[in-house]
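Inside the fold
In case you want the letters, here they are:
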Amino acid sequence: MTDLTSLEPTSTISVREVFGIDTDMRVPAFDERTDHVPRIDTAYRFNPQVTMAILAGFAHNRRVVIQGMHGTGKSTHIEQVAARLNWPCVRVNLDGHISRLDLVGKDIITLQDGKQVTQFQEGILPWSLQRPVAIVFDEYDAGRPDVMFVIQRVLEREGSFTLLDQKRVIQPHAFFRLFATMNTLGQGNLSGLYHGTQMLNHAQLDRWNLVTTLNYLQPAEEAAIVLARVPEMDTPQGRHQIDAMVALANLTRKGFAVGDLSLLMSPRTVITWAENTQIFHDVKLAFELTFLNKCEPAERTIVAEYFQRCFGQELNARTDDPALQVHIG
């Protein structure tokens, strides 16, 4: 693997040419692709405001956090910008199992010359700090308090990092970058949709230089992405079916917004539904297995109505209560 510590950007790219955004901004980029650079997804659609915030993070060492509902492609957005800059990128999911030791490092026992010795193994944070790496903290609002305070110091632009056990102070690499994604705005699970999220310390939020929101795509753009992911549906009938799938997904999002549903379809769900349709060759069965069976029994009649509205077919919305059944005509 390439030694990342010696790498630096050696060129710049035009944002107008690469991302199609009307600006004269230029961003540093690497000429060499390493193992840590994400693959380019040619089907990905960039949100202009979010893209500009991410590019500012790379170009000017801004700390950028992206908020939005699940399935909008927040982390992928950062990865796809990094992919076009050939910038090494590492994602860390701050779930409940990530501990302070995972981030900072810990002593491990190894064998040297047939003897057991104790060595310090760096965690992902000091490793990234010393390299031109963009580290992305996913589910930032779900991080444990002890983990969040470890991150707080490096949120400063020139924030050094002290390894107490090693009595060593790490200065960040000139091209180290820090990003995060979260579902909430750091104020807790107000919608009831994201259990396990935390109230974020205001001092934490204040250290993020740029905050942007990534919403769901316009229907035509979302349909184009689904079609790019499932090219087998690139037929007149398939495109019509994908348009109906996206329309149904938007109905679930509106239903969720007004409180009719406790679950919504993300773009990720629509792609999965399209993929499953190719497996089962039955759009109704694929829909039931992909989304309907996740819904509460009392809400399946509403979802069945959405399906009928978009596809012109009745859906058998099975529930535990026979009175709530919608029968196929």
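Residues numbered from 1 in each chain as written. Predicted model: local features only at pLDDT ≥ 70, side-chain atom pairs only at ≥ 80, totals over all residues. Heavy atoms only, no water.

1. Things to note about the sheet that holds strand β3 (residues 64-67)
Within a sheet, each strand pairs with its neighbour through backbone hydrogen bonds, oriented either parallel or antiparallel. With parallel pairing, the five strands of this open sheet are ordered in space as β4-β7-β10-β3-β11. Single-partner strands in this sheet number two, and they are β4 (89-93) and β11 (210-213). Here the average twist between neighbouring strands, direction ignored, is 20°. Where strand β7 (residues 134-138) meets strand β10 (residues 177-182), four bridges bridge the pair, whose relative direction is parallel. Residue pairing across strands places V136 opposite F179, the latter belonging to β10. Sheet strands in contact with helix α2 (residues 48-60) are β3, β7, β10 and β11, and its direction is about 155° off that of β11. (Pairing = 2+ DSSP bridges. Helix = DSSP H or I, 4+ residues; strand = E, 2+ residues; numbered from the N terminus. Axes fitted to C-alpha atoms, helices over the stretch in contact; angles between N-to-C directions. Contact = heavy atoms within 4.5 Å.)

2. Re helix α9 (residues 236-257)
Given 3.6 residues per turn, any residue in an α-helix points the same way as the ones three and four places further on. Its 22 residues give α9 an end-to-end C-alpha distance of 32 Å, which sits within 8% of 32 Å, the value for a rise of 1.5 Å per residue. With its phi angle positive at about 90°, G259 sits one or two positions after the end of α9. (Expected span 1.5 Å × (residues − 1).)

3. Quick look at the environment of G238
Positionally, G238 belongs in helix α9. For the pair formed by G238 and L227, sequence separation is 11 residues and the distance between their alpha carbons is 8.6 Å.

4. Some thoughts on a nonpolar patch on the surface
A grouping of I279, F280, L285 and L289 is seen on the molecular surface, where their side chains present a nonpolar patch of about 360 Å² in accessible area. Secondary-structure elements contributing two or more residues to the nonpolar patch are α10 (267-280) and α11 (283-290). Among the structural elements, I279 can be located in helix α10. (Patch = residues over 30% accessible without salt bridge, like charges linked within 9 Å, V, L, I, M, F, W, Y side chains within 5 Å. Areas by Shrake-Rupley, 256 points an atom, 1.4 Å probe, with all protein chains shown as cover. Salt bridge = Lys/Arg side-chain N within 4 Å of Asp/Glu carboxyl O.)

5. Some thoughts on the packing of aromatic side chains
The full count for this structure, using the stated rule, is 12 aromatic pairs. Pairing F19 with F46 gives two aromatic rings, centres 5.2 Å apart and planes at 90°, and the pair type is edge-to-face. Placement of F19 in helix α1 (residues 15-19) and of F46 in the loop between β2 (26-29) and α2 is noted, with a sequence separation of 27 residues between them. Its relative accessible area of 22% is what places F46 among the partly exposed residues. Ring geometry for F58 versus F179: centroids 4.9 Å apart, planes at 45°, classification tilted. Linking F58 in helix α2 with F179 in strand β10, this pair joins segments that are 121 residues apart in sequence. By relative accessible area, F179 is classed as buried at 0%. Taken together through their ring pairs, the aromatic side chains of F30, F58, W87, F175 and F179 make up a single cluster. (Phe/Tyr/Trp six-rings, centres within 6.5 Å; stacked < 30°, edge-to-face > 60°. Buried < 20%, exposed > 50% of the residue type's maximum accessible area, 1.4 Å probe, protein only.)

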